[in-house]
Amino acid sequence: MVPQGSRAELEFGGPLGAAALLLLLPATMFHLLLVARSGPARLLGPPPYLPELEELWSPWALLLCLTWLGLQATLYLLPARKVAEGQELKDKSRLSYPINGFQALVLTALLVGLGVLAGLPLSALPEMLLPLAFAATLIAFIFSLLLYLKALVAPASALAPGGNSGNPIYDFFLGRELNPRICSFDFKYFCELRPGLIGWVLINLALLMQEAELRGSPSLAMWLVNGFQLLYVGDALWHEEAVLTTMDIIHDGFGFMLAFGDLAWVPFTYSLQAQFLLYHPEPLGLPLASVICLINAVGYYIFRGANSQKNTFRKNPSDPRVAATGRRLLVSGWWGMVRHPNYLGDLIMALAWSLPCGVSHLLPYFYLLYFTALLVHREARDEQQCLRKYGLAWHAYCRRVPYRIVPYIY
């Protein structure tokens, strides 16, 4: 019996919660895709219709998804500008990771640009979102099953802290193996930032191009959404090494939760604002656009500043720009104001991405609502891990920094 799998430590409501999420997450994604293109665009309530299997299944969509994954895997294997070491594992070893995500983004942009010049109908991509999302979901399920089977023969030292309860549904969802690899190809690290994030940018661009074809030029609102989200993705890939210290990499196993999230949920739900604007154009004047840009800039400033301080501290806790207390806890700068200032910046940016869509519909604000719930849940998981790791020092830090994400509110 594995102690990490004890019922007291099961997350997401245990096996029943995991089984519900296996159905609820894909259903939510398809609901959003359907209502974004409908006239009422109601977030709450039934979808406008239930698509037939013929509308969802397309061999061409499956081939396109597999080609996309193959392209990103090829770019992952190209010589990297840097090779970084991950955190120390149970067996005291460290894995190596190529830092070439931004390189993959630039090369993808060049290839797509050449393709468009050669006649690639990128603006037709929005009409394929339903079958592409279906294909990505199918790939995520099959991939997760293969990962689960691979983990059955993995050594105990390779298992994740929480994905080995012994319940197949729960372990399939959460992921049993921490760092599933074939040779040096790390599946979790590859999926974390590459195909989904870059795919999100590509879908946004395709929506912008289709709007230009329909209305003569892209709207200012569409430009803002594309620009804000491209900055976010570019920043994540430029600072790719920082992902090696995140909960996804050092704690969570690689199962359906992350595989579906990376390959399907991110590109098809994070592009929701651009999808909404294509079917529901929103007039936006320069004064309001300037205010929205300022909001995004404030969010990005907090987000990047907090993450940079954290990375500086993790590399060198003695750096004079940061300060520590107790057992190496960062308490200076943004981290002396709230315990998770990077989450605060994330949420402010999420608001800025939604505001160009106006305030007549709740649908474009789904990302903000979902992300708030996600970060509050993640923050609670962080708190539990920090309490176990730092003990009394964590209690002292919490007394010194009482607010979790939003100063004076939460």
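The shown structure was predicted, so the numbers you read here are calculated from the model rather than taken from an experiment.

Scoring rules and cut-offs
- Residues numbered from 1 in each chain as written.
- Predicted model: local features only at pLDDT ≥ 70, side-chain atom pairs only at ≥ 80, totals over all residues.
- Heavy atoms only, no water.
- Helix = DSSP H or I, 4+ residues; strand = E, 2+ residues; numbered from the N terminus.
- Rg over C-alpha atoms; globule rule 2.2 N^0.38 Å.
- Buried < 20%, exposed > 50% of the residue type's maximum accessible area, 1.4 Å probe, protein only.
- Core = buried A, V, L, I, M, F, W, Y, C linked by side-chain atoms within 4.5 Å.
- Contact = heavy atoms within 4.5 Å.
- Arc of directions from axis to C-beta.
- Phe/Tyr/Trp six-rings, centres within 6.5 Å; stacked < 30°, edge-to-face > 60°.
- Lys NZ or Arg CZ within 6 Å of the ring centre and 35° of its normal.
- Salt bridge = Lys/Arg side-chain N within 4 Å of Asp/Glu carboxyl O.
- Axes fitted to C-alpha atoms, helices over the stretch in contact; angles between N-to-C directions.
- Parallel < 35°, antiparallel > 145°, perpendicular 65-115°, else oblique.
- Left-handed = near helix turned anticlockwise from the far one by under 90°.
- Disulfide = S-S within 2.5 Å.

1. Some points on the overall build of the protein
When its secondary structure is counted, the protein shows 16 helices and six strands. Against the 2.2 N^0.38 benchmark of 22 Å for 410 residues, the protein shows a C-alpha radius of gyration of 21 Å, consistent with a compact globule. With the C-alpha coordinates aligned to their principal axes, the bounding extent of the protein is approximately 60 × 50 × 45 Å. Counting over 410 residues, the protein shows a buried share of 53%.

2. Some remarks on the nonpolar core
A general tendency of soluble globular proteins is for nonpolar side chains to be buried together. The biggest cluster of nonpolar side chains holds 120 residues, and the ones touching the most others in it are Met 29, Phe 268 and Leu 363. The element best represented in this core is helix α5 (residues 129-152), accounting for 11 residues. Not counting residues up to four positions away in its chain, the partners in contact with Met 29 are Ala 133, Thr 137, Phe 260, Ala 264, Trp 265, Phe 268 and Thr 269.

3. Description of helix α16 (residues 392-400)
Of all the positions in α16, only Ala 393, Trp 394, Tyr 397 and Cys 398 are classed as buried. Projected down its long axis, α16 carries its buried residues within an arc of 140°, all on one side. Facing away from the buried side of α16, by more than 90 degrees, are the exposed residues Leu 392, Arg 399 and Arg 400.

4. Some thoughts on the side chain of Ser 219
Turning to its location among the elements, Ser 219 is positioned in the loop between α8 (195-215) and α9 (220-238). A relative accessible area of 18% means that Ser 219 is categorised as buried.

5. Here we look at the packing of aromatic side chains
Within the structure shown, the criterion is met by 30 aromatic pairs. Considering the side-chain rings of Phe 185 and Phe 190, the 5.1 Å spacing of their centres and the 50° angle between planes classify their relative orientation as tilted. The exposure class of Phe 190 is buried, given its relative accessible area of 5%. Site record: aromatic cluster; members linked through ring pairs are Trp 200, Tyr 232, Trp 265, Tyr 270, Phe 303, Trp 353, Phe 366, Tyr 367, Tyr 370 and Phe 371. We note Arg 181 situated over the ring of Tyr 97; from NZ or CZ to the ring centre the distance is 4.9 Å.

6. Side note on the pattern of salt bridges
This model, assessed by the stated rule, comprises nine salt bridges. The closest approach of N and O atoms between Glu 88 and Lys 92, which form a salt bridge, is 3.7 Å. Notably, a salt bridge pairs Arg 215 with Glu 211, separated by 3.2 Å at the nearest N-O pair. Separated by four residues within a single helix, Arg 215 and Glu 211 lie in helix α8, roughly one turn from each other. Overall, the relative accessible area of 37% leaves Arg 215 in the partly exposed class. Note on Glu 211: relative accessible area 0%, which makes it buried.

7. Brief notes about the packing of helix α3 (residues 59-76) against α8
For any two helices packed against each other, one specifies the inter-axial angle together with the distance between the axes. α8 packs onto α3 with a crossing angle of 120° between their chain directions and a minimal axis gap of 10 Å. Overall, the two elements α3 and α8 adopt an arrangement that is oblique. Here the hand of the crossing between α3 and α8 comes out right-handed. Across the interface between the two elements, Trp 68, Leu 69 and Gln 72 of α3 pack against Pro 195, Ile 198, Gly 199 and Leu 202 of α8.

8. Here's the deal with the environment of Asn 204
Structurally, Asn 204 can be placed in helix α8. For the pair Asn 204 and Leu 21, spaced 183 residues apart in sequence, the C-alpha separation works out to 27 Å. If sequence neighbours within four positions are ignored, Asn 204 has contacts with Asn 226, Gln 229, Ser 271 and Ala 274.

9. Brief notes about the state of the cysteines
Taken as a whole, this structure holds zero disulfides when the rule is applied. As a non-bridged cysteine, Cys 183 has Cys 191 as the owner of its nearest cysteine sulfur, 17 Å distant. We note that Cys 357 lacks a disulfide partner, and the nearest cysteine sulfur, in Cys 293, lies 14 Å from it. The exposure class of Cys 357 is buried, given its relative accessible area of 0%.

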